Amino acid sequence: MDMTTPLVEMREISIAFGGIKAVDHASVDLHAGEVVGLLGHNGAGKSTLIKILSGAYRADAGEIRIAGEPVAISSPRDAKRHGIETIYQTLALADNVDAAANIFLGRELLTAWGTLDDSAMEAETRKVMGRLNPHFRRFKEPVKALSGGQRQSVAIARAIYFNARVLIMDEPTAALGPAETKQVADLILELKKQGIGIFLISHDLHDVFDLADRVSVMKNGKVVGSAHVRDVTQDEVLGMIISGKCPPGAVAGPGALRS
Amino acid sequence: MTESVPAPATPSQDAKSFADHLRAIEFDARMIGMIAALAVIWLGFNWLSGGAFLTPRNLWNLSVQTASVAVMACGMVLVIVTRNIDLSVGSMLGFVGMVTGLVQAQLLPGLLGFEHPATWLLSILAAVALGGLIGLFQGALIAYLAIPSFIVTLGGLLVWRGGAWWVTQGQTIAPMDSRFRPLGGGIEGAIGTSASWAIGLVICALIVAGIAFARRRRKRYGFALRPLWAEIVLAALACGTVVGAVAIANSYALPAGVARRLVEAKGGTWPEGGLTIGHGLAVPVLLALAVGVAMSFLARRLRFGRYVFSIGGNPEAAQLSGVNTRKVLMLVYGLMGMLVGIAACISTARLNAATNSAGQLDELYVIAAAVIGGTSLAGGVGTIAGAMLGALVMQSLQSGMVLIGVDTPLQNIVVGIVLVLAVWLDGLYRKRLG
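Quick caveat: nothing in here was measured; it's all calculated off a predicted structure.

1. A look at the interface of chain A and chain B
- With 47 residues of chain A at the interface, the matching set in chain B holds 31 residues.
- In total, chain A and chain B occlude about 3300 Å² of area from one another, counting both sides; carbon and sulfur atoms represent 56% of this.
- Asp-118 of chain A serves as the salt-bridge partner of Arg-306 of chain B, at 3.0 Å between the closest nitrogen and oxygen.
- Applying the counting criterion to the chain A and chain B interface returns eleven residue pairs in polar contact (both at pLDDT 80 or more).
- Breaking the side of chain A that touches chain B down by element, the ones donating at least two residues are helix 2 (76-81), helix 4 (118-132), helix 5 (148-161) and helix 6 (178-193) of chain A.
- The dominant element in the side of chain A that touches chain B, judged by the number of residues it contributes, is helix 4 of chain A, at eight residues.
- Here the residues of the side of chain A that touches chain B are counted per class, giving 19 nonpolar, 13 polar and 15 charged.

Right, here's the structure in full:
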């Protein structure tokens, strides 16, 4: 592990819904320019943990540090202020408005008179979409009319347009075909090069091993362990996910099976 | 992410459909359909009534009768766009109208003296403030306590109707202040021919300036422009409608006696053969138009409107994007309440009395106007202009049936059937467009 201050540290985070501990004393961290894969079954708590970082949920206990500084994140607005952007599995797009309205939702560009500057927003949208998806043409249509891949690129554009430092991608390729998945992978590598830290939540072990520097595995709300991908095999990680058994190459967490 | 629209240069380019053409020039096909429906209704009633419908007198009255519902429909669009409903607007109108009547017929005369020049303005402010507060209160229950809007406003429907009775134990309050009465239309609520022309010309100038401004803006960013002929046609149609409306309002003559008093009051003499003086536009109609323009501006050009529509499209997405969805929802109801306050002034002034039954069934007409005007009950879709046109369609049906002597029960049956039919047709249309 490198010794620099991590970009994001989540320490001993806990949250319970109606008595069920969805996340139980979980700790993960992320460095600048690093991709950390978060793995686990459905209901393991990985999405919940990440929603605490993105401000959708508020943790019952624990601490979040950004670049070493403890921060309070109690709303998506707070998270965005700290440069944390999220691409949700559901994409979280307002289907009835166009790409520009979605990208700038909550952060609209205004004219000098305080009205919406739709032309400026469309122009910026054309720029950022030109980078992500050069074939994109349907700037005037509600995003409902777009294909899955196009919708995905709108969601990604919204996350990267505002100079994110930390990007959370929740199952970014679940709804995509092979070619589009490849494009997302290329994008992740490019963003990583720019020094953005990325939390990648995925079911797909191959994806994660291709893209991530480290993995953290969760089970029943607890962290089983974390490891550099070069120190563990895919089978060992699978074992962590299924049985909670922590291999020698990984640092065991509170959720590791005790033998 | 490589998917994209097929390049537009397909072999079938010449065989573009009518809808494609409409889209290219950005004319709203839906709006054109509504205007066509309105034309059919007008011509139909004109034929059935032997030419009595399309007269300046009837059209003028129609415009005045539409004003109150049209004002409320503007707010209802936003409420329905957020996937909510407001069933309480009719009862609120009754309650706010009663309180406003009380304020100007009993409270203010006691404080300021009878027929004080500020009475009308203070009455309007009281109505708008009271309506706004009631709306905010109901909105807070819906947004912060998460009680379904259907239930909150169903409760409101009963509470405010009861409240309207309690204000005076059922007594009607009349008459209203003489400076307040023009809000309701009638002879004192007509602004006269010269002022009507002046307002008409100003509106035309604003339309042309608005179109030119929008075009220059798009040009600056190098976006595709509408063909110039389409812009000119659009401007001509809009200005033609304005000029036509003014001409019709001006050709509706004041009764001879009133005209004579008017002339003599100005120190003139009444000519032998009489003189025709037109009504001109009515104050409530101008008020409704102003509300419509302001609400359209809010819905399309302000951040608040963008939030309202995004909440309607996907409440969770709006919240995750940092929109304070609860606050926005509460404010939408507050706004609805303020518009009910304005509508209460129009109704009370029109009747020249505050009665506890004012606004009965208005909630249904307002919702119907919004829905006929293209507001989707599923949320996220709707326009202010459509809702105002919807209000005009509803009122045209009703006035037309009164004019040709249809019994009240049958009127309700027809209006009910038309509402269901309109929503069905709209659904078909949307499905075809995808």
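Okay, back to it.
2. Describing the domain arrangement of chain A
All names here are of chain A.
- Along its sequence, chain A is organised into domain 1 (1-83 + 164-259) and domain 2 (99-162).
- Placing the centre of domain 1 and that of domain 2 at their C-alpha centroids yields a distance of 28 Å.
- Of the residues lining the interface, 13 residues belong to domain 1; the matching set on domain 2 comes to eleven residues.
- In this assembly, domain 1 packs against domain 2 so that about 900 Å² is buried in total across both faces, 56% of it on carbon and sulfur atoms.
- Counting the surface domain 1 buries against domain 2, the share from its top three residues, Lys-80, Ala-164 and Leu-187, is 37%.
- Our enumeration of links across domain 1 and domain 2 arrives at one salt bridge.
- The residue Arg-131 makes a salt bridge to Glu-190 at a minimum N-O spacing of 3.9 Å.
- Across the domain 1-domain 2 interface, the total number found is two residue pairs in polar contact (both at pLDDT 80 or more).
- Of all the secondary structure elements, the ones that give two or more residues to the side of domain 1 that touches domain 2 are helix 2 and helix 6.
- In terms of residues, the side of domain 1 that touches domain 2 owes the most to one element, helix 6, which gives six residues.
- Partitioning the side of domain 1 that touches domain 2 into residue classes produces seven nonpolar, two polar and four charged.

3. Description of the domain arrangement of chain B
Residue and element names in this part refer to chain B.
- With domains assigned, chain B is organised as domain 1 (28-169 + 180-190 + 282-433) and domain 2 (191-281).
- Of note, the centres of domain 1 and domain 2, computed from C-alpha atoms alone, are 25 Å apart.
- With ten residues of domain 1 at the interface, the matching set in domain 2 holds 13 residues.
- A combined buried area of about 990 Å² lies between domain 1 and domain 2, and 80% of that area is made up of carbon and sulfur atoms.
- Scanning the region where domain 1 abuts domain 2 turns up zero salt bridges.
- Summed over the shared surface of domain 1 and domain 2, the result is two residue pairs in polar contact (both at pLDDT 80 or more).
- Elements supplying a minimum of two residues to the side of domain 1 that touches domain 2: helix 3 (56-81) and helix 10 (283-301).
- Top contributing element to the side of domain 1 that touches domain 2 by residue count: helix 3, with four residues.

Conventions and cut-offs
Residues numbered from 1 in each chain as written. Chains lettered and ligands numbered in written order. Predicted model: local features only at pLDDT ≥ 70, side-chain atom pairs only at ≥ 80, totals over all residues. Heavy atoms only, no water. Contact = heavy atoms within 4.5 Å. Buried area = accessible area lost by both parts, 1.4 Å probe. Salt bridge = Lys/Arg side-chain N within 4 Å of Asp/Glu carboxyl O. Polar contact = N/O pair within 3.5 Å; in protein donor to acceptor, adjacent residues only side chain to side chain. Helix = DSSP H or I, 4+ residues; strand = E, 2+ residues; numbered from the N terminus. Nonpolar A, V, L, I, M, F, W, Y, C, P; charged D, E, K, R; others polar. Domains from an automatic or database assignment.

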